[in-house]
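Overview (structure and organization)
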Amino acid sequence: AFGVIADIQFADAEDGHDFGGCRRRYYRHSLRLLREAVRAWADESPPIDFVLQLGDSIDGQNVRRGEAESALQQVLAVLGELSVPVHHAWGNHELYNFSRARLVDTGLYSRPAGGSDGPADRECHAYHCSPAPRLRLVVLDTYDVSTLGTDPGSPRYQESLRVLREKNPNDDLNSPAGLEEPYFVAFNGGFSQAQLEWFNEVLKFADENQEKVIVMGHVPIHPYASNGVCLAWNYEAALSVIHSHRCVVCVLAGHLHDGAYCLDSHGVHHLTLEGVIETPPESNAFGTMYVYEDKMILKGRGRIPDRVMHF
């Protein structure tokens with residue numbers, strides 16, 4: 001069993017609204033809701049084995065307020081009360097607050113030391129591990145190709161900007177207005193070829209060892225588990241890797257605060273979790289996933305519905 005939570009986006013700030021100005025965001029309350037989640041997970045019996053934090057743990061406004069470090073420490077302190085590992089995905093809001101190079105030196109870098117479990121690029125926050133026999137977890141970096149958190153003079157930034165500009169002619173690169181492919185916006189990102197090749201090798205290994213694989217990343221990689229905008233730039237390439245193997249049973253993501261779900265044509269479940277940040281203080285948005293030989297059962301709290309996913 002493991003805990004799941006997405007888009008906490010904590011800031012020590014009064015309530016605000018989303019970029020459209022119509023969705024309320026509960027910045028300060030999100031930390032209290034995280035505490036409630038941690039208390040619930042600590043009381044689970046039998047105990048959970050790990051937690052997946054699906055990205056955007058703190059809000060982008062922290063950097064303007066000069067509070068990025070303190071906000072992150074508060075979130076990590078609450079998660080640190082757990083006696084089990086926490087696996088972190090990097091989201092756009094982490095990258096608004098910190099450079100990729102800086103994130104490597106924070107508690108959000110959950111990639112194992114030594115680097116053999118991930119791509120050669122140490123700043124690519126992708127890795128895999130086996131939390132139980134015949135079960136493998138793969139953490140993907142959905143901002144491996146991105147203009148966020150990257151030095152504008154670097155090859156990574158220049159290549160990412162080229163990819164983005166090719167598809168998005170808008171002055172505001174966060175605007176999907178008029179785009180044929182509305183997910184080509186700066187608050188999304190994509191996968192490098194190196195990460196995709198590494199991912200393929202991990203799934204090949206899992207196939208050979210008859211493992212079931214759970215994949216996690218911040219940005220959804222299936223259009224039906226998205227609103228059409230919150231989607232990885234080259235999602236089709238990631239899906240192609242998954243669909244060329246038998247082992248993946250579920251892909252977990254955040255980013256889209258309304259949440260979404262689909263069972264794709266290859267029998268893979270794509271679950272996008274509702275975000276804590278837009279959850280009213282009297283509710284919540286987290287869950288516990290129970291993994292069996294032939295299914296996963298999500299027991300949701302608050303805005304997150306229960307779900308049974310057979311495989």
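Since the structure is predicted, the reported quantities are computational estimates derived from the model, not experimental observations.

Now for the sheet that holds strand β13 (residues 295–302). Note on sheets: strands pair through backbone hydrogen bonds, and any given pair is parallel or antiparallel. Taken in spatial order, the six strands line up as β5-β4-β1-β12-β13-β14 in an open sheet, and their pairing is mixed. Across the chains shown, the open sheet's two edge strands, defined by having one partner strand only, are β5 (86–88) and β14 (307–310). Neighbour to neighbour, the strand axes of the sheet diverge by 20° on average, direction disregarded. In terms of strand pairing, strand β4 (residues 50–53) meets β5 through three bridges, oriented parallel. Its bridge partner lying in β5, valine 51 is registered against valine 86. Sitting on the sheet, helix α1 (residues 29–42) is in contact with β1 (2–5), β4, β12 (285–291) and β13, with an inclination near 25° to β12.

End to end, helix α6 (residues 155–167) covers 19 Å across 13 residues, agreeing with the expected 18 Å (1.5 Å per residue, within 8%). Buried residues of α6: Arg156, Tyr157, Ser160, Val163 and Leu164, and no others. The buried residues of α6 occupy an angular sector of 130° when projected down its axis, which confines them to one face. Along α6, exposed side chains directed more than 90 degrees from the buried face belong to Pro155 and Glu166. As for α6, its buried residues are in contact with α5 (100–103).

Before going further, it helps to examine the packing of aromatic side chains. Using the criterion set out here, one finds six aromatic pairs in the structure. Measuring from centroid to centroid gives 5.1 Å for tyrosine 183 and phenylalanine 184, while their planes differ by 35°, and the two rings are tilted. Residue phenylalanine 184 is classed as buried on the basis of its relative accessible area, which comes to 7%. Residues phenylalanine 184 and tryptophan 233 carry aromatic rings whose centres are separated by 6.0 Å and whose planes lie at 25° to one another, so their mutual orientation is stacked. One end of the pair, phenylalanine 184, is in the loop between α6 and α7 (193–208); the other, tryptophan 233, is in the loop between β8 (212–216) and α8 (235–243), with 49 residues separating them in the sequence. Above the ring of tyrosine 292, the side-chain terminus of lysine 295 is found at 4.9 Å from the ring centroid. Over the aromatic face of tyrosine 261 sits the side chain of arginine 307, whose NZ or CZ is 4.3 Å from the ring centroid.

Strand order across the open sheet formed by six strands is β6-β7-β8-β9-β11-β10, with mixed pairing between neighbours. A single partner strand is all that each edge strand has here, and the edge strands are β6 (127–132) and β10 (260–263). Averaged over all neighbouring strand pairs, the angle between strand axes comes to 15°, with direction disregarded. Sheet topology places β8 next to strand β9 (residues 248–253); four bridges connect them, and they run parallel.

Turning to the side chain of serine 30, a few remarks are in order. Mapped onto the fold, serine 30 is located in helix α1. Only 3.1 Å separates the side chain of serine 30 from the backbone oxygen of isoleucine 8, close enough to count as a polar contact. Not counting chain neighbours up to four residues away, the residues in contact with serine 30 comprise Ile8, Gln9, Phe10 and Val276.

So, how was this worked out
Position labels on residues start from 1 in each chain and follow its written sequence. At least 70 in pLDDT is required for a residue's local features to be given in this predicted model, at least 80 for side-chain atom pairs to be given and counted, and no such filter applies to totals for whole chains, interfaces and linings, which use all residues. Side-chain calculation: all heavy atoms of the structure are included, whereas hydrogens and water are not. At least two DSSP bridges between two strands are needed for those strands to be called paired. Starting at the N terminus, helices and strands are each numbered in turn, a helix being any DSSP run of H or I of at least four residues and a strand any DSSP run of E of at least two. Structural elements are reduced to axes, namely lines fitted to C-alpha atoms, with helices fitted over the stretch in contact, and the angle between N-to-C directions of any two is expressed from 0 to 180 degrees. Contact between two residues is taken to exist if any of their heavy atoms lie within 4.5 Å; hydrogens are not considered. What a helix is expected to span follows from its residue count: subtract one and scale by 1.5 Å. Partly exposed describes any residue whose relative accessible area lies between the buried limit of under 20% and the exposed limit of over 50%, with all areas from a 1.4 Å probe on protein chains only and scaled to the type maximum. When we speak of the arc, we mean the arc of directions from the helix axis to the C-beta atoms. By convention, a stacked pair of Phe, Tyr or Trp rings (six-membered ring in the case of Trp) has centres within 6.5 Å and planes under 30 degrees apart, an edge-to-face pair has planes over 60 apart, and any other such pair is tilted. Two conditions define a charge sitting above a ring: the NZ of Lys or the CZ of Arg must be within 6 Å of the ring centre, and it must be within 35 degrees of the ring normal. For the purposes of these results, a polar contact is taken to be a pair of N or O atoms within 3.5 Å, where, inside protein, one atom must be able to donate a hydrogen and its partner to accept one; residues adjacent in sequence count only when each atom of the pair is a side-chain atom.

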